[in-house]
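Coordinate inspection notes
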Amino acid sequence: MKSENDVGRVSVKNGRYKIKGKFHIIEPNTPIFDENGKLCGITNPRDMTYIHSYGGEAIFFESLSKGKFIGSRCDNPKCDSKESIFMPFRIYCPDCLRKTTVIDITDIAKKTAIIHSFIITERSGAFNILKKPIKFINVEFEDVCTIFMGYLSIGEPEIGMRVVPIFQTKNPTYTIMDISWVPVGTPESELPDNFTF
Ligand SMILES: [Zn+2]
């Protein structure tokens, strides 16, 4: 177990990351033998803290913690895709490569989000903290040219079902886990802990 001083933390000073603590912790490996004592392999313990820089996408994650759903739009008049709204958030327009305009699409999401398709996952990869089975949904919005991948927190997904976003505004993680979806009409009292509309 890491001590409080060992936990890898990052602060920013004059625009540069300053790291403190341990980001790579070495533990001894162990051999794997079969029933007859024949060597088959080894374990390779790796405890590492990964630094994920958000850069121009930071506003998207910061806004989730405030109950806002932030997309982006290409406003380049010369672009064939001008006025296209992107969600997931794109820093640059993929067609003209110009920087996009940040726009708030919380109201569009609340009023028009529907389930485009879904997949229910009984088994997850390592480090999953979502409740299983996980109901992954692809969410479609009016006036938005892309589809957003999320997870349904309440109810059973159906294609075409109207959903509304909920946000982890209490104790946010500042990750994509801070946004989830529930069927339209769900009362606030039924939302998962720390989530609000
Ligand atoms: Zn463009």
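Cut-off values and rules
- Residues numbered from 1 in each chain as written.
- Predicted model: local features only at pLDDT ≥ 70, side-chain atom pairs only at ≥ 80, totals over all residues.
- Heavy atoms only, no water.
- Buried < 20%, exposed > 50% of the residue type's maximum accessible area, 1.4 Å probe, protein only.
- Helix = DSSP H or I, 4+ residues; strand = E, 2+ residues; numbered from the N terminus.
- Pairing = 2+ DSSP bridges.
- Donors = N, O, S within 2.8 Å, 3.2 Å for Na, K, Ca; no water.
- Tetrahedral: all angles 85-135°; square planar, octahedral: opposite > 155°, others 65-115°.
- Phe/Tyr/Trp six-rings, centres within 6.5 Å; stacked < 30°, edge-to-face > 60°.
- Patch = residues over 30% accessible without salt bridge, like charges linked within 9 Å, V, L, I, M, F, W, Y side chains within 5 Å.
- Areas by Shrake-Rupley, 256 points an atom, 1.4 Å probe, with all protein chains shown as cover.
- Salt bridge = Lys/Arg side-chain N within 4 Å of Asp/Glu carboxyl O.

**Some words on the pairing of strand β13 (residues 163-168)**
Walk down a regular strand and you will see the side chains alternate between the two sheet faces. The buried fraction of β13 amounts to 6 of the 6 residues, a majority that puts the element mostly inside the structure. Residues V163, P165 and F167 point to one face of β13 and V164, I166 and Q168 to the other, with burial holding for every one of them. Sheet analysis places β13 next to strand β14 (residues 179-183), joined by 5 bridges and oriented antiparallel. Pairing of P165 across the sheet is with W181, part of β14. Here β13 pairs with strand β15 (residues 195-196) via 2 bridges, running antiparallel. Opposite F167, over in β15, you have T196 as the bridge partner.

**Let's talk about the coordination of the zinc ion**
Distances from the zinc ion to its protein donors, namely C74 (SG), C79 (SG), C93 (SG) and C96 (SG), fall within the range 2.3 to 2.4 Å. Classification of the site at the zinc ion rests on its 4 donor atoms, whose angles at the metal span 105 to 115 degrees, yielding the label tetrahedral. Ordering the donors of the zinc ion by residue number gives the pattern C-x4-C-x13-C-x2-C. Of the two residues, C74 is situated in the loop between β7 (70-73) and β8 (85-86) and C93 in the loop between β8 and β9 (101-104); the sequence distance between them amounts to 19 residues. Taking relative accessible area as the criterion, C74 reaches 1% and is therefore assigned buried. The exposure class assigned to C93 is buried, which follows from its relative accessible area of 0%.

**Here we look at the packing of aromatic side chains**
For any two aromatic rings, the description comes down to two numbers: the centre-to-centre distance and the angle of the planes. For the coordinates displayed, the defined rule picks out 9 aromatic pairs. Consider the rings of F69 and F148, whose centres lie 5.2 Å apart with planes at 90 degrees: the pair is edge-to-face. Here F148 lies in strand β12 (residues 148-151) and F69 lies in the loop between α1 (58-64) and β7, a separation of 79 residues in the sequence. For the pair F69 and F148, a shared accessibility class is recorded, and that class is buried. For the pair F69 and W181, a centre-to-centre distance of 5.7 Å together with 80 degrees between the ring planes defines the contact as edge-to-face. Residue F69 is found in the loop between α1 and β7, and its partner W181 is found in strand β14; the two are separated by 112 residues along the sequence. No difference in accessibility class separates F69 from W181, as the two residues are buried. Of the aromatic side chains, those joined through ring pairs into one cluster are Y54, F60, F61, F69, F89, F141, F148 and W181.

**Things to note about a nonpolar patch on the surface**
Taken together, the side chains of V10, V12, Y17, I19 and I51 make up a nonpolar region of the molecular surface, amounting to roughly 450 Å² of accessible area. Only β1 (9-13) and β2 (16-20) provide two or more residues apiece to the nonpolar patch. Summarising the element assignment, I19 is placed in strand β2.

That is the geometry; function is a separate question.
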